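# Report on the structure
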Amino acid sequence: MAKMEVKTSLLDNMIGVGDMVLLEPLNEETFINNLKNRFDHNEIYTYIGSVVISVNPYRSLPIYSPEKVEDYRNRNFYELSPHIFALSDEAYRSLRDQDKDQCILITGESGAGKTEASKLVMSYVAAVCGKGAEVNQVKEQLLQSNPVLEAFGNAKTVRNDNSSRFGKYMDIEFDFKGDPLGGVISNYLLEKSRVVKQPRGERNFHVFYQLLSGASEELLHKLKLERDFSRYNYLSLDSAKVNGVDDAANFRTVRNAMQIVGFMDHEAESVLEVVAAVLKLGNIEFKPESRVNGLDESKIKDKNELKEICELTGIDQSVLERAFSFRTVEAKQEKVSTTLNVAQAYYARDALAKNLYSRLFSWLVNRINESIKAQTKVRKKVMGVLDIYGFEIFEDNSFEQFIINYCNEKLQQIFIELTLKEEQEEYIREDIEWTHIDYFNNAIICDLIENNTNGILAMLDEECLRPGTVTDETFLEKLNQICATHQHFESRMSKCARFLNDTSLPHSCFRIQHYAGKVLYQVEGFVDKNNDLLYRDLSQAMWKAGHALIKSLFPEGNPAKINLKRPPTAGSQFKASVATLMKNLQTKNPNYIRCIKPNDKKAAHIFNESLVCHQIRYLGLLENVRVRRAGYAFRQAYEPCLERYKMLCKQTWPHWKGPARSGVEVLFNELEIPVEEYSFGRSKIFIRNPRTLFKLEDLRKQRLEDLATLIQKIYRGWKCRTHFLLMKKSQIVIAAWCRRYAQQKRYQQTKASALLIQSYIRGWKARKILRELKHQKRCKEAVTTIAAYWHGTQARRELKRLKEEARRKHAVAVIWAYWLGLKVRREYRKFFRANAGKKIYEFTLQRIVQKYFLEMKNKMPSLSPIDKNWPPRPYLFLDSTHKELKRIFHLWRCKKYRDQFTDQKKLIYEEKLEASELFKDKKALYPSSVGQPFQGAYLEINKNPKYKKLKDAIEEKIIIAEVVNKINRANGKSTSRIFLLTNNNLLLADQKSGQIKSEVPLVDVTKVSMSSQNDGFFAVHLKEGSEAASKGDFLFSSDHLIEMATKLYRTTLSQTKQKLNIEISDEFLVQFRQDKVCVKFIQGNQKNGSVPTCKRKNNRLLEVAVP
Ligand SMILES: Nc1ncnc2c1ncn2[C@@H]1O[C@H](COP(=O)(O)OP(=O)(O)OP(=O)(O)O)[C@@H](O)[C@H]1O
Ligand SMILES: [Mg+2]
């Protein structure tokens, strides 16, 4: 759900009044009651305009969580209930967005919560300002400077367990974006007397206890310290341990903080050495020793401590010892040394301890400043936080209270100045007529104190510097003389007779009427404290120290820089620093936090009215309210004002369309608020009297109640109506369901009854019908039986009759047929004998032949010429026809088969046919040649360049070109020869060279002989006496014997018209030159391989073994 923007206001849920300006009637009692009322409800913050009053709750409240920070972030000051965060946010935003330097002035008495408030402000600003590694480091350093300063500057007092014993002003510097850059801390008037002496129930500065409790044995040993507090005179023992404070843990926190802030290890150690030295100084004790000249002299009781101090600080023991025994006064080139008596020696010791410590403190502040100072030179925006002691009115008020109260007078003055100035500026800005504001201006009191000629401080200085005996009494006398007539100065002894009989005013006192009340000051100690004297011998001894830090703390001890002029007094120093502070504050926009302490017991839930009343008085809070209310008590921008009160007028409720200002005008007119009660500014409405505001608030409350009632009424109405409608709807649904159920039930009952009745009726009916049907059936059956019997009788009778009739008819037909046959036979007897036999015979024959052909047609075998099937002959007399028909059919299908052949193929088949005629069943080689196609030219002479010459020599067509083996007649071995057959010649050529060896014209070839076996040998016989025959016949062997013989046969036939004689015999003669040799073919041994071998047996026999 989207978060709804809720406009809130300070005025919402107010406990008492959140802003004292609105308090009616305004007096001390109502003021306190309001504070108490709020305090009791945990509302510890209350405003006076923009001033925040903070009442110390003395317990942790859940109001500083990060969520709270977010709540107050970027919200208007009066939007939420009063809170220190609201003031912090206002100041920070004004600094960031409007470029106005800010200062936050936190005042209040000891234990009222100033330091806590200043830390809350710082932590809030740290939480809302920029983020990033560098920025975070700056924030961390700024925040961590607090524990360091608190350890050295805070102590437990009767009023506060962590009382700041110095005034602190810290400038936090920001860049233009509002990111922190660094800071500068100023310290005021450390209460150094605490170092040497603490009032009953109080402690020295925390650091002493922290060091002794928290340091390691090793460190303690190094610092020559012992853990036992009681060993040290400067540490009061009655409250060395503070409840709820862990000094040891705090020591670690401080060391850690020092590290974060940027202290080097050796620096931190030096600091602790100085602390140790101070502590040990307190243990130096003196004893009186009478000297010869009758003067008292002091002697150090136990030099051990002194020795250790000197070891720790690197001071020559004798130098320090001397400084505790003598005092050298230098005046106008004269040096006078006087001995110190015991009291003076103690005074010197304490003065040294105080100085050492307070200077160390100032050094610490400077050292922290060095670390946290902004690193850039760009223009910075500044937020100053002043945590300074508030007005102090004790029973015994001394110099310190005087100084502090002076400071508060000054602060009050700038408060008045700045508040009025701001008020005035706002009036001008808003175009409101300026009405004179009557208020008390405390400038006159400031003047009483700080006036350079006759101010109290000036007179104190004068007294301190005056030669001769100077005592506090002489100072008081002087005051009595000079300030007697001043309105705010009161003294018994003054020349002014007013106080002569005032017993509340002791003789050694004077009283000042501060703006916040009268304060009685004891004059005792004023001169001393103002002088703040440290004997020069001591400062010189310190300067001589080997300890660098101590040496640097006492620059005036350097003999080279001897200054005979007295150092400025404490009073004048403070006055100067206050003046600087005031100047600084005046350039900034002030924000005030007034802290109030509700009780003296440091306890929660206790609100001591008289104590609070006292604080209210001296903080001048009523005065505050009066100044604030002098003009207009309340102001608010038009928009939120209209938003808040628009429900009070019909025209503006619920929405006002025009500008907010006219809306407010309409509203105020309608409400008849007297015109003198308010003024219209440019952007704000100013209300003079809180009464008017409260009237508005009351009306609003009333109206809100009415509106709430209205809303409630409508809501309730709506709710009831919706509820009613829902009920109604539900009722209808329920009723519908009920009715449905009831009807269903009834229906089911009726249905069941109906079914029952129905079934009874149906049963009854059925039984009735069944009875009827049974009766009918029985009747039918009887009829049928009777009919059947009757029909049977009838049928049998008819059958009998029909049978009788048929027998008679058949007899008639037979007799008739016999008779007709007899008649026809008688008639045709004469024709039958001559022709019938022949005709019947012809007809029958014709029928049989016809049937034979028709059957043959269906039983024809396939068209393949090799198909041997032929249907069997049906009749013997058709035997020759059947054979003829088979022959014709075979011839016909052969012709058909032949007709498919091309000429070339025909030639091949012719050749194959020829071969078959020549060799089939004659030579065993023949069957293997059937499957081989006859190629003729196995040797492609044309394509082989080797045989080019051979080719050129032959002009005719080559029929055979093949390599054959020519059998040597002498030994039966063979040589390869190219066998060429052309149309007219037979040629033999060398296989390698292609050279023609012999050429035989075909006419000279007489016969070809070969065996009947499965071999390729053949002999070509030549005509006797021919030229070719001179060398004798040829004997060859070839793989293609059948083809070659066939082709030779066919070529010879076509050329010579003579049939070549082919002799197939296993023994034939071959003419070898003059001899005839017999070539004999025998069945060879299988071992000799599958190739036939030829061997010459003798002169007359060549044996060929065929495997
Ligand atoms: N807002 C607060 N919430 C809870 N406790 C608080 C608050 N303010 C102050 N205290 C308590 O009151 C004690 C005293 O507060 P703080 O030290 O701020 O007083 P102070 O005004 O600085 O006194 P002094 O003038 O002695 O330094 C704190 O230690 C703390 O216990
Ligand atoms: Mg403090």
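Everything numeric here is computed off the predicted structure, so don't read it as measured data. (Residues numbered from 1 in each chain as written. Chains lettered and ligands numbered in written order. Predicted model: local features only at pLDDT ≥ 70, side-chain atom pairs only at ≥ 80, totals over all residues. Heavy atoms only, no water.)

The next thing to look at is the overall build of the protein chain. Within the protein chain, the regular secondary structure consists of 31 helices and 31 strands. A compact globule built from 1107 residues should have a C-alpha radius of gyration of about 32 Å, whereas the protein chain, at 76 Å, is more than 25% larger. Its C-alpha atoms put the protein chain at 215 × 130 × 60 Å along the principal axes. Taking all 1107 residues of the protein chain together, the buried fraction comes to 46%. A separation of at least 24 residues holds for 63% of the contacts in the protein chain among residues at least 6 apart in sequence. (Helix = DSSP H or I, 4+ residues; strand = E, 2+ residues; numbered from the N terminus. Rg over C-alpha atoms; globule rule 2.2 N^0.38 Å. Buried < 20%, exposed > 50% of the residue type's maximum accessible area, 1.4 Å probe, protein only. Contact = heavy atoms within 4.5 Å.)

What follows deals with the sheet that holds strand S17 (residues 634–637). The 3 strands are arranged S17-S19-S18 in an open sheet whose pairing can be described as antiparallel. Looking at strand neighbours, the two that pair on one side only are S17 and strand S18 (678–680), the edges of this open sheet. The average undirected angle you get between the axes of adjacent strands in this sheet is 15°. The pairing of S18 with strand S19 (residues 684–687) spans 3 bridges and is antiparallel. Bridge pairing links Ser679 to Phe686 in S19. (Pairing = 2+ DSSP bridges. Axes fitted to C-alpha atoms, helices over the stretch in contact; angles between N-to-C directions.)

What follows is about the site of ligand 1. In the region of ligand 1, 17 residues are neighbours, and Ser110, Lys114, Thr115, Ser163 and Ser164 sit closest. Residue Tyr64 places a side-chain N or O atom 3.0 Å away from a nitrogen atom belonging to ligand 1. Separating an oxygen atom of ligand 1 from a backbone N or O atom of Asn162 is a distance of 3.4 Å. Protein contacts shield 86% of the accessible area of ligand 1, which totals 620 Å² for the unbound molecule. Counting residues per element, the ones that place at least two in the shell around ligand 1 are helix H4 (114–128) and strand S5 (163–164). Of all the elements, H4 adds the most residues to the shell around ligand 1, at 3 residues. In terms of residue class, the shell around ligand 1 is made up of 4 nonpolar, 9 polar and 4 charged. (Near = heavy atom within 4 Å. Polar contact = N/O pair within 3.5 Å; in protein donor to acceptor, adjacent residues only side chain to side chain. Areas by Shrake-Rupley, 256 points an atom, 1.4 Å probe, with all protein chains shown as cover. Nonpolar A, V, L, I, M, F, W, Y, C, P; charged D, E, K, R; others polar.)

The next point concerns a nonpolar patch on the surface. A grouping of Leu710, Ile711, Ile714, Tyr715 and Trp718 is seen on the molecular surface, where their side chains present a nonpolar patch of about 550 Å² in accessible area. For Leu710, the location among the structural elements is in helix H26 (residues 690–858). (Patch = residues over 30% accessible without salt bridge, like charges linked within 9 Å, V, L, I, M, F, W, Y side chains within 5 Å. Salt bridge = Lys/Arg side-chain N within 4 Å of Asp/Glu carboxyl O.)

The final tally for this structure, using the stated rule, is 65 salt bridges. Residue Glu490 is joined to Lys518 by a salt bridge in which the shortest nitrogen-to-oxygen separation is 3.3 Å. Remark: Lys518 occurs in strand S15 (residues 517–522) and Glu490 occurs in strand S13 (residues 489–490); sequence separation between them is 28 residues. Here Arg1050 and Glu914 are joined by a salt bridge, their closest N and O atoms 3.0 Å apart. Linking Arg1050 in helix H31 (residues 1041–1056) with Glu914 in helix H28 (residues 903–919), this pair joins segments that are 136 residues apart in sequence. Where salt bridges share partners, they join Glu226, Arg231, Lys280, Glu305 and Glu308 into one cluster.

This part covers the confidence of the model for the protein chain. Taken residue by residue, the protein chain gives an average pLDDT of 88. The fraction at 70 or more is 97%. Scored below 50 in pLDDT, residues 1–6 shows 1 contact in the model against residues more than four places distant or in partner chains. (pLDDT = per-residue confidence, 0-100.)

For any two helices packed against each other, the geometry comes down to the angle between their axes and how far apart the axes lie. The contact between helix H1 (residues 28–40) and helix H22 (residues 609–619) brings their axes to 10 Å, and the two run at 115°. Two packed elements cross with a definite hand, and for H1 against H22 that hand is right-handed. On H22, the residues touching Glu28, Phe31, Ile32, Leu35 and Lys36 of H1 are Glu609, Val612, Cys613, Ile616 and Arg617. Taken together, the residues of the contact of H1 with H22 break down into 6 nonpolar, no polar and 4 charged. (Left-handed = near helix turned anticlockwise from the far one by under 90°.)

For the rest of this paragraph, the subject is the nonpolar core. Counting residues in each nonpolar core, the largest one holds 211 residues, and the members touching the most others are Phe31, Phe152 and Phe510. Sorting elements by how many residues they give to this core places helix H13 (residues 342–372) first, with 14 residues. Discounting chain neighbours no more than four positions away, the residues touching Phe31 are Met20, Leu23, Leu26, Ile48, Ile53, Ile616, Leu621, Leu622 and Val625. If you look at the next biggest cluster of nonpolar residues, it comprises 33 residues, including Val1008, Met1010, Ala1028 and Ile1062. (Core = buried A, V, L, I, M, F, W, Y, C linked by side-chain atoms within 4.5 Å.)

Moving on: helix H21 (residues 570–586). In this model H21 runs 24 Å from its N-terminal to its C-terminal C-alpha over 17 residues, within 8% of the 24 Å that 1.5 Å per residue would give. Regarding H21, the residues found buried are Ala570, Gly571, Phe574, Lys575, Val578, Leu581, Met582 and Leu585. One side of H21 holds all its buried residues, which, seen down the axis, span an arc of 130°. Facing away from the buried side of H21 by more than 90 degrees, the exposed set consists of Thr580 and Lys583. (Expected span 1.5 Å × (residues − 1). Arc of directions from axis to C-beta.)

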